[in-house]
Amino acid sequence: MREFITTESFDGPFWSSYTILWQNSGNRSPFQSPALLQYFTREYKGRIVSLQLKKHDQLLAAALLKEADGVYGFLSDLKTDVNFFVFHENCTKDDYTFFFSSFLKLAHQKNWSVLLNNIPSWATYIPDLEKCLTTTRLFWRNINYSVSPAIVGSSPEEFYAFATRTTKHRYAFNRLKKQLQAEFEILTDPSGIDEWFDEFYKAHILRWSNTATPSSFLKETRQVFFRNCLEAWSKDNILVLFSVKVNGQRVGFVVGLKSSNVIIYHSTTYNTLFSKYSPTKALVYFMAGWMKENNLSVLDFGDGDESYKYQFANENQVMNRIMIAPKTNISFIIKALIIKTVRSNRQAYEFYRNKIKKIIKFTTFDLILAIQINETLTDLLTGGSSVNLTA
């Protein structure tokens with residue numbers, strides 16, 4: 001018998017059940033790993049709700065949502081590249097439908113507004129989620145919002161061929177080894193995290209000093225937060241730290257996270273004194289060899305379309321933003337409609353990102369509202385054909 005339950009209690013039995021679920025999930029996403037979410041439940045000061053699907057007392061699905069300013073979203077938004085719903089690998093389409101239908105029914109009953117960021121369009125359950133959304137009485141929009149470039153191979157050998165196909169990356173790797181006698185390092189031992197992170201965040205601060213986007217590690221609270229994330233990932237045995245050392249000093253860094261047959265290239269930086277040697281490009285070349293040896297076939301460069309990722313990637317994975325609300329939440333609906341309009345119009349989005357965003361410090365919502373608020377409000381209030389409050 002299937003059962004959908006919610007709770008705001010996160011005791012030992014919950015985490016034991018969740019750990020078993022995550023270990024047997026299809027993706028084993030590092031951003032929903034047990035130790036990380038357990039840390040987030042201690043760190044976040046607002047309301048947290050877990051959605052659970054149980055069958056014969058076995059936990060088959062779960063999602064942890066946080067509430068902020070009246071809107072519910074993934075708890076993992078505190079530190080993520082992609083947000084999965086956690087399903088047991090043996091879940092069926094009927095299980096997916098039951099879970100999502102129950103979730104949407106709850107949102108309707110509780111009058112929740114929901115903003116689901118970084119939804120992977122490639123997740124197996126997405127068609128079932130969309131089917132449930134089409135039957136709900138809530139307003140909703142599914143928006144192609146971001147991308148996650150990746151090197152994808154059907155086998156570790158094919159992946160390696162893609163990852164090492166560019167001669168300039170091989171050149172960067174060989175140049176560091178021959179000219180500077182560089183050493184390439186892989187660290188999985190938790191005892192070495194503190195030293196590695198100390199060098200990493202200091203290099204990150206220098207890398208982004210005197211730029212329009214200074215390092216967040218200038219704030220000690222962000223240093224502590226990220227260090228604790230590394231510790232949580234290490235506890236769940238999914239953290240792999242890559243670096244290149246010259247004369248004993250680390251000059252290039254990559255935080256790698258294991259997820260089934262994938263390594264997520266989560267965070268990177270380098271010592272600017274060695275920028276001409278392209279240490280992070282050399283690290284990707286080095287990582288490809290290690291991944292082949294460890295039977296991994298995907299290197300996911302994470303959220304964002306930074307140009308350097310496309311020097312390697314052979315696929316551009318799309319991530320969605322799903323916005324759900326009661327039809328009485330007009331301001332949320334307007335925001336969703338305008339975001340979808342701008343994201344669907346490449347020229348409007350590029351103008352926002354490259355021109356407006358650089359000179360006006362508004363939130364994303366405020367900027368988008370400034371772009372097209374008049375047209376959308378007119379359509380909404382007059383019943384114009386371009387605005388439809390049903391999904």
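See the structure shown above.
Keep in mind that this is a model prediction, so the values were computed, not measured.

Caption draft 1: The overall build of the protein, seen in detail. Assigned secondary structure in the protein consists of 12 helices and 13 strands. Taking all 391 residues of the protein together, 52% fall into the buried category. Summing over all exposed atoms, the protein offers an accessible surface of approximately 18,600 Å²; the carbon and sulfur share of this is 48%.

Caption draft 2: Representation of helix α3 (residues 93-110) in the model. Taking 1.5 Å per residue, 18 residues should reach 26 Å; α3 reaches 26 Å between its end C-alpha atoms and fits that length. Of the positions making up α3, those classed as buried are Asp95, Tyr96, Phe99, Phe100, Ser102, Phe103, Leu104, Leu106 and Ala107. Looking one or two residues beyond α3, the residue adopting positive phi is Asn111, at roughly 65°.

Caption draft 3: Focus on the pattern of salt bridges. Evaluated as defined, the whole model comprises 11 salt bridges. Between Arg250 and Glu195 there is a salt bridge, with the nearest N and O atoms lying 3.4 Å from each other. Highlighted residues: Arg250 in strand β10 (residues 249-259) and Glu195 in helix α7 (residues 193-208), separated in sequence by 55 residues. Residue classification places Arg250 among the buried positions, given a relative accessible area of 6%. Note that Lys309 is salt-bridged to Glu306, the shortest N-O span being 2.9 Å. Each of Glu185, Glu195, Glu199 and Arg250 takes part in salt bridges that share partners, so that together they form one network.

Caption draft 4: Fine view of the pairing of strand β2 (residues 48-55). Counting buried positions along β2 gives six out of eight residues, so the element sits mostly inside the fold. With six bridges joining them, strand β1 (residues 2-7) and β2 adopt antiparallel strand pairing. Within β2, the residue paired with Thr7 across the bridge is Ser50. In this structure, the hairpin formed by β2 and strand β3 (residues 58-68) is closed by a connection of two residues, where His56 is found at a positive phi of approximately 55°.

Conventions and cut-offs
- The numbering scheme is per chain: residues are counted from 1 as the chain's sequence reads.
- Selection of residues for local features in this predicted model requires a pLDDT of at least 70, selection of side-chain atom pairs for listing and counting requires 80 or more, and totals for whole chains, interfaces and linings are taken over all residues.
- Side-chain descriptors were evaluated using all non-hydrogen atoms of the structure, hydrogens and water having been removed beforehand.
- Secondary structure is summarised from DSSP: a helix means a run of H or I of at least four residues, a strand means a run of E of at least two, and numbering begins at the N terminus for each.
- Type-normalised accessible area, obtained with a 1.4 Å probe on protein chains alone, sets the label of each residue: buried when under 20%, exposed when over 50%, and partly exposed for intermediate values.
- Under the convention used here, a 1.4 Å probe and the Shrake-Rupley method define accessible areas, while residue burial counts only the protein chains that appear.
- Under the convention used throughout, the expected extent of a helix is 1.5 Å for every residue step, that is, one less than its residue count.
- Criterion for a salt bridge: a side-chain nitrogen of Lys or Arg within 4 Å of a carboxyl oxygen of Asp or Glu.
- For two strands to be treated as a pair, DSSP must find no fewer than two bridges joining them.

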